[in-house]
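Results of the structural survey
The residues making up each chain are set out below.
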Amino acid sequence: TPAPLSAADQLGDVQYEPFPDGRGKRRLALANWLTHPRNPLTARVIANRVWSWHFGQGLAGNPNNFGATGSLPSHPRLLDYLARWLIRHDWSIKALNELIVTSQAYRRSSRHPQPELLAELDPEGRSYATFQPRRLTAEELRDAMLWTSGELNRQVGGIPCRPAMNSEVALQPRQIMGGTASVYEPDPLPHQRNRRSLYAERNRGLRDPFFETFNQPGPDKSCELRETSTVAPQALTLMNSADTKHRALAFAARLLDETNGSRQALLRAFRLALGRPPSGAEVRACQRHWESATQAEQAMEPERDSFPDRIERTVMAEKTGEPYDFWEVLPSYSQYVPDVEAADLDARTRGLARVCLVLFNSNEFSYLD
């Protein structure tokens with residue numbers, strides 16, 4: 001008869017709504033059993049997963065496996081407390097996030113006053129005596145750059161957005177019945193493209209190169225815990241990609257618009273990007289780089305980005321196998337409004353953008369420490 005799994009039934013003698021034998025609301029009965037205040041399983045799994053989002057590792061080492069083959073929790077009493085707290089607070093993930101990020105464990109420094117003793121007592125770093133540095137996820141990294149540059153659209157809800165994507169990937173042909181079509185077309189307006197990455201449309205057959213480079217999981221299977229690799233394409237992407245350069249240009253334009261004088265602009269840049277004031281040595285180094293970059297930019301005449309509203313395609317006829325050409329119309333690009341471009345800015349602003357690019361490439365920007 002319909003019932004919860006006996007091996008996972010932790011309610012004991014507690015009475016809960018029975019599962020209907022015949023026709024009835026079986027899914028509702030299962031949901032009521034899963035969220036019963038005396039059922040700790042669901043809340044423990046959720047609390048452990050939310051904890052892993054913030055710390056890069058869960059209290060129980062296997063977020064997808066709480067069975068006998070999974071690793072035991074490092075702090076079982078803490079996990080039980082978080083599970084009970086979540087149930088008492090109406091299963092609010094937002095409230096649980098707030099509880100964790102305002103905790104002493106989350107706000108601890110990554111530097112311990114006695115590192116030798118810590119290494120001896122906690123060689124695996126599981127005690128949370130310090131905060132283990134965590135690199136921003138792909139979505140967090142993009143959102144952080146958009147927020148710093150002042151371009152982030154914080155609108156909540158609505159239809160998915162289509163951010164800008166590497167044109168070589170976006171314009172590759174996609175085979176369809178009887179012809180081809182472009183793989184991807186971004187939203188035409190900046191405020192549409194620059195929404196939070198949470199709302200970015202994800203196609204199963206197409207990976208955004210920026211997100212993929214920074215370990216965004218693929219859409220084809222469940223991700224237990226995100227990997228964090230450190231590979232050369234990540235540095236090349238942050239230094240050379242069009243997205244990062246556009247964010248740096250917008251960041252520089254924002255700084256000069258909000259401040260008066262070079263020193264104030266650099267102080268504001270460090271406050272926005274790194275959350276701290278710069279040292280005197282950092283200000284002097286950035287000032288020198290800004291001046292040399294401005295001199296280099298004065299000898300340049302940047303061109304505006306071009307966005308084709310149609311592209312020539314070659315396909316094979318289904319019946320004869322003979323190739324033929326046709327023009328594919330790209331409606332999004334016919335109304336495309338680009339982000340801030342180098343051609344819109346003077347040499348001094350473009351020179352400051354190179355300093356902003358350095359800040360975006362610093363470990364301090366990419367890591368929670």
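The structure we're discussing is the one just above.
**So, the overall build of the protein chain**
Looking only at helices and strands, the protein chain has 17 helices and six strands in total. For a compact globule of 369 residues, the expected C-alpha radius of gyration is about 21 Å, and the protein chain comes in at 26 Å, more than 25% above that figure. Overall, the C-alpha framework of the protein chain stretches about 80 × 70 × 35 Å when taken along its three principal axes. In the protein chain, once contacts between residues fewer than 6 apart in sequence are set aside, the share between residues at least 24 apart is 63%. When the accessible surface of the protein chain is summed, it comes to about 21,800 Å², and 52% of that surface belongs to carbon and sulfur atoms. Between the centroid of the 45 positive side chains of the protein chain and the centroid of its 45 negative side chains there is a distance of 6 Å.

**Brief notes about the pairing of strand β4 (residues 310–316)**
Note that β4 and strand β5 (residues 323–329) share seven bridges and pair antiparallel. The partner of Thr314 across the bridge, within β5, is Asp325. Between the antiparallel neighbours β4 and β5 lie six residues, among them Gly321 with a positive phi of about 80°.

**Details of helix α12 (residues 242–258)**
With 17 residues, α12 should cover 24 Å at 1.5 Å per step; its first-to-last C-alpha distance of 24 Å lies within 8% of that length. Every buried residue of α12 is listed here: Thr244, His246, Arg247, Ala248, Leu249, Ala250, Phe251, Ala252, Arg254 and Leu255.

**Side note on helix α3 (residues 76–88)**
Note: α-helices contain 3.6 residues per turn, so residues at a spacing of three or four share the same orientation. Over its 13 residues, α3 extends 18 Å from the first C-alpha to the last, a length consistent with the 18 Å expected when each residue adds 1.5 Å. Within α3, the full set of buried residues consists of Leu79, Leu82, Ala83, Trp85, Leu86 and Ile87. On its buried side, α3 packs onto α2 (40–55) and α4 (93–101). Count one or two residues on from α3 and you reach Asp90, which has phi positive near 60°.

**Regarding the pattern of salt bridges**
With the rule as written, the count across this model stands at 17 salt bridges. A salt bridge links Glu258 to Arg268; the shortest N-O distance between them is 3.0 Å. Residue Glu258 is found in helix α12, and its partner Arg268 is found in helix α13 (residues 262–274); the two are separated by 10 residues along the sequence. For Arg268, a relative accessible area of 31% corresponds to the partly exposed category. The partner of Arg304 in a salt bridge is Glu341, and the shortest N-O contact between them spans 3.6 Å.

**Re the side chain of Asp208**
As for its position among the elements, Asp208 is in the loop between α9 (190–193) and α10 (209–213). Among the polar contacts listed, one links the side chain of Asp208 to the backbone nitrogen of Phe210, at a separation of 2.9 Å.

**Side note on the nonpolar core**
The nonpolar side chains of a soluble globular protein tend to be buried with one another. With 35 residues, the main nonpolar core has Phe251, Leu255 and Leu352 as its most contacted residues. Broken down by secondary-structure element, the contributors of at least two residues to this core are α7 (138–149), α10, α12, α13, α14 (280–298) and α16 (347–360). Apart from residues lying up to four places away in sequence, Leu255 is in contact with Ala265, Arg268, Ala269, Leu272, Leu352 and Cys356. Grouped together as the second largest cluster of nonpolar side chains are 18 residues, Phe55, Leu86, Ala95 and Tyr128 included.

Conventions adopted
- Residues numbered from 1 in each chain as written.
- Predicted model: local features only at pLDDT ≥ 70, side-chain atom pairs only at ≥ 80, totals over all residues.
- Heavy atoms only, no water.
- Helix = DSSP H or I, 4+ residues; strand = E, 2+ residues; numbered from the N terminus.
- Rg over C-alpha atoms; globule rule 2.2 N^0.38 Å.
- Contact = heavy atoms within 4.5 Å.
- Areas by Shrake-Rupley, 256 points an atom, 1.4 Å probe, with all protein chains shown as cover.
- Lys, Arg positive; Asp, Glu negative; His and termini not counted.
- Charge placed at Lys NZ, Arg CZ, Asp CG, Glu CD.
- Pairing = 2+ DSSP bridges.
- Expected span 1.5 Å × (residues − 1).
- Buried < 20%, exposed > 50% of the residue type's maximum accessible area, 1.4 Å probe, protein only.
- Salt bridge = Lys/Arg side-chain N within 4 Å of Asp/Glu carboxyl O.
- Polar contact = N/O pair within 3.5 Å; in protein donor to acceptor, adjacent residues only side chain to side chain.
- Core = buried A, V, L, I, M, F, W, Y, C linked by side-chain atoms within 4.5 Å.

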